[in-house]
Amino acid sequence: MNITLTIDGKKCTGTAGQTILEIAHANGIAIPTLCYMKNLSPWGGCRMCIVEIGGSPKAVPSCATPATDGSTVVTNNDRLTHLRKLTLELLFSERNHVCPICPMNKGDCDLQQQGYKFGIDAIRYPYLYPTFPVDLSGKFLGIDHNRCILCTRCVRTCDEVEGVHTLDIGNRGVKNQIVVDLNTTFAKSTTCTNCGACVSACPTGALFDKNAAFHGPLTKCRQVRTTCTECAVGCGLVVYTKENRIVDVFGDNDSPVNHGHLCARGRYETWAVQRDRITQPLVRKNGKLVPVSWDEALQTIRGETGKLSPQTKGLLVSGKVTNEVAGAIGKLKSRVGHIGMYVADHEASFCGEPAFASDAFQRINDSDAIILLGAEPSRLQGVVAARIRTAVRKRGAKLIILNARTSDLDAYADVVASVVGVERAFWNRVGATLKGTKRPVLLYGPNAMSPVGITAMEKLIQLFENGSGPAVIGLPTTTNALALSGAGVEAVDDVSQWLTGGALRAVYIVATDETDGGAKVLRDREVVGLLKGFNYVVVQAAYNSRLTELAHVVLPALVWSEKRGTITNFEGRELPVSPVLEPHGEARDDKAILESVFA
Amino acid sequence: MSDKPKVKVATVWLGGCAGCHMSFLDLDERLIDLFKLIELTSSPISDLKEIPVVDVGIVEGAVCNEENEHVLRTLRKQCKVLVSLGDCAMTGNVPALRNQKTLDETLVRGYIETESTHAGEVPNENVPVLCKKVRPIQEFVKVDASIPGCPPDADAIWYALTELLAGRKPVWNPTNVRYD
């Protein structure tokens, strides 16, 4: 139902149930806020967004007050300005807001900006100068309670977006403070996922990214939008850079995939964890890898492998490379006899017939039952795990987890089984849990392709035989495996078998920026011995690893923040990967390297 | 040049780093224009140390010890308009960080435990007694105007002083104010 109200003399329309603030913002009327955050439940705690409603002497928080049809609202007058100033002065007096020593100084702090806006100078209240602790024990983030205004944006984000509810408010009165779990530290927290959403939500410097603190204001950084390539979800990123280095990484609020939310891998691990980067081409001389020029490295490869027939050459690529690299690989088929893609366990059969699950997130959001089969979103696709948690905790969706490994999601599940058999009692229980559900979703990962997984899949299908089946969503482990498989790069089930299968004598491995430097290839123990037996092993990688140590030639590849191209996420969306930084050292693009090696 | 008598100004330096006075000197050539209108009497940057009767008193720094409080109250008596210059006078700022610790902890940390100190001791003669808590000046005396900033930049000081000389209270907004 549409409603119409007058805000500051302007006729504004909205829908019944919308708050005054939502309708005002939608109609271009700015109301100052601090505790309000779009997409979180309203809190009404800071009192900055107060407005007057005709006929009522009270100033009400517009963020928490539903608009009523025909009402008259005033958002700005001398009284409201006076009250807002008092609010700000109380906030400033309550804790130790020392701007010059705060990492959010110079533009990144909403409280400071509001202070400027309202021209706050000397305040009329005595400062309380309380003693509050600082917790720097978190892996990537810290909290300084001295700068907290108790807006609870972090608490609500943690609860409503990440769904773990690690943060809450403890104590009473002026001793109120944000607490981690049952008043422990970030390091000791058993629920915190390090997703960093609380830091993104914090309007002051209370929560901050340790690796970004004091690296300069974000408002002065260059901002580049790109796509996270760590998993197949393909979250949108906003990367803040300064002097060709990353200052911080946040989720892109405009991304149709993650809507601003990220997991620890995308938010921090790609830049805040030190990794051993390869900066120059290396060639093995007298048993040792030594830095050489690109020309020398390419000549060495051509000299050693040029005379080999295509049938003796193999190219093994990471499932993390871009679609553009797949295009380049397609052109090599006449020169390289064996081309394969290495993926996670059981993922090869998962890639057999690439099936993208369009609107997967929408289906998870709308679902009333979620079955996880051989998938581990908590560990591998944190943003999907967050959606599952909120679906269960906020909307009462049923959750059934059939997976060998335990995860934090087990705590929210109705049925958890690490070993699945054919016992009738168990499947009756699963059936009873799913009974009456209207919009079930089945999320399956590569492990669903194991013999046990297939048994479970068959049992599940039987359960749904009489009604409509669940929406089926495949959740690959490897970033671009589905698209690469679709582009004709065949996923390799067993790397040692693949290496011994042909008449291979030289193998070229593209590990690109796999964080383990491609060491995953060595998962089967025989692979190390097999590679040692080859005449020639070339590894194209961004990071040093056990694999690069085995190579005759190592070629430095770009990392996610330097690449340009596209990846296709598990929903089938083709997403742009844009360079954020200049290439490091002499590293080059995967596609360009392949083209010059096989020129 | 007008025949109007010059506005007499005194400045004091309480618990602060002197950065605000440095920033005042950053007015550079504008100082020449300013000194056509004002007369700087006692100040940390002039030779006169006893505060005479003045029109405007300017305070840098927070109240950290008994001497600070005495100087502040004296200036308030001697001036018509009192202006706080910078965040320390206005909020306590960095000197007030010690308010989270006891006075003993602060003294031990400052005089004995500092990494560069050998056989240090807490001074207790010929030094003013420290206050238990560092406080901004408006908690002691009436303040007529404030210039935020750590330190306020020369433009902010220029704006505030010219407004005051024109008989107006400076009004801050996002274009002319900073807290850092």
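Residues numbered from 1 in each chain as written. Chains lettered and ligands numbered in written order. Predicted model: local features only at pLDDT ≥ 70, side-chain atom pairs only at ≥ 80, totals over all residues.

## Regarding unusual backbone geometry
Each neighbour pair has its own omega, and for B:C150 with B:P151 the value is -10°, a cis peptide bond. Note that B:P151 resides in the loop between β7 (145–147) and α6 (154–165). At A:N194, a residue that is not glycine, the phi angle is positive and equals roughly 60°. Its location among the elements puts A:N194 in the loop between β9 (177–180) and α5 (197–201). (Helix = DSSP H or I, 4+ residues; strand = E, 2+ residues; numbered from the N terminus.)

## Here's the deal with the nonpolar core
All names here are of chain A. Membership of the largest hydrophobic core comes to 179 residues, with the highest contact counts inside it found for I370, L373 and L443. Considering every element that reaches this core, the biggest residue donor is helix α12 (residues 382–395), with 7 residues. Each residue touching I370, except ones within four places of it in the same chain, is listed here: I364, I388, A391, A397, L399, V441 and L443. (Core = buried A, V, L, I, M, F, W, Y, C linked by C-beta atoms within 7 Å. Buried ≥ 20, exposed ≤ 12 C-beta atoms within 10 Å, placed from the backbone. Contact = placed C-beta atoms within 7 Å.)

## Description of the packing of helix α8 (residues 323–330) of chain A against helix α19 (residues 590–597) of chain A
Residue and element names in this part refer to chain A. Where α8 contacts α19, the axes come no closer than 9 Å and their chain directions differ by 15°. As the angle between them shows, α8 and α19 are arranged roughly parallel. For the crossing formed where α8 meets α19, the hand is left-handed. Counting all contacts with α8, which are made through E324, V325, A328 and I329, the residues of α19 involved are D590, K591, L594 and E595. (Axes fitted to C-alpha atoms, helices over the stretch in contact; angles between N-to-C directions. Parallel < 35°, antiparallel > 145°, perpendicular 65-115°, else oblique. Left-handed = near helix turned anticlockwise from the far one by under 90°.)

## What about the sheet that holds strand β21 (residues 440–444) of chain A?
Residue and element names in this part refer to chain A. Spatial strand order, β20-β19-β18-β21-β22: 5 strands in an open sheet with parallel pairing. Edge positions in the sheet fall to β20 (415–417) and β22 (471–474), since each of these pairs with one other strand and no more. Strand-to-strand, the axes of this sheet are offset by a mean angle of 15°, without reference to chain direction. One ladder, built from 3 bridges, connects strand β19 (residues 398–402) with β20; its direction is parallel. Across the sheet, L402 pairs through a bridge with A417, a residue of β20. (Pairing = 2+ DSSP bridges.)

## Here's the deal with the interface of chain A and chain B
It is common to give the size of an interface as the accessible area that goes away when the parts come together. Counting residues at the interface gives 18 residues for chain A, matched by 26 residues for chain B. Tallied by class, the residues present in the side of chain A that touches chain B amount to 9 nonpolar, 6 polar and 3 charged. (Nonpolar A, V, L, I, M, F, W, Y, C, P; charged D, E, K, R; others polar.)

## Points about the confidence of the model for chain B
Segments scoring low in pLDDT should not have their predicted coordinates read at a detailed level. The pLDDT averaged across chain B works out to 95; a share of 98% of its residues lies at or above 70. Predicted as a complex, the structure gets a pTM of 0.94 and an ipTM equal to 0.95. (pLDDT = per-residue confidence, 0-100.)

## Some words on the pairing of strand β25 (residues 536–541) of chain A
Residue and element names in this part refer to chain A. The buried fraction of β25 amounts to 5 of the 6 residues, a majority that puts the element mostly inside the structure. Handedness of the crossover joining strand β24 (residues 506–512) and β25 through helix α17 (residues 526–533): right-handed. Looking at chain direction, β25 and strand β26 (residues 553–556) are connected through 4 bridges and run parallel. In the strand pairing of β26, V539 is matched with V554. (Right-handed = clockwise from strand over helix to strand, strands pointing away.)

## Re the environment of A:F250
Residue and element names in this part refer to chain A. Relative to the assigned elements, F250 resides in strand β13 (residues 245–251). On the basis of neighbour count, F250 is assigned to the buried category, with 23 C-beta atoms found within 10 Å. In the structure, F250 is positioned 51 residues away from V199 in sequence and 9.5 Å away in space, judged by C-alpha atoms. Excluding residues that lie within four positions of it along the chain, F250 makes contacts with S200 and V238.

## Some details on the sheet that holds β24(A)
All names here are of chain A. Taken in spatial order, the 8 strands make up an open sheet running β15-β14-β26-β25-β24-β16-β17-β23, and their pairing is mixed. Taken across any chain shown, the strands that pair with only one partner, and hence form the sheet edges, are β15 (288–291) and β23 (491–492). Across 5 bridges, strand β16 (residues 313–318) lies against strand β17 (residues 338–342) in parallel orientation. The residue bridging G314 from the neighbouring strand is H338, located in β17.

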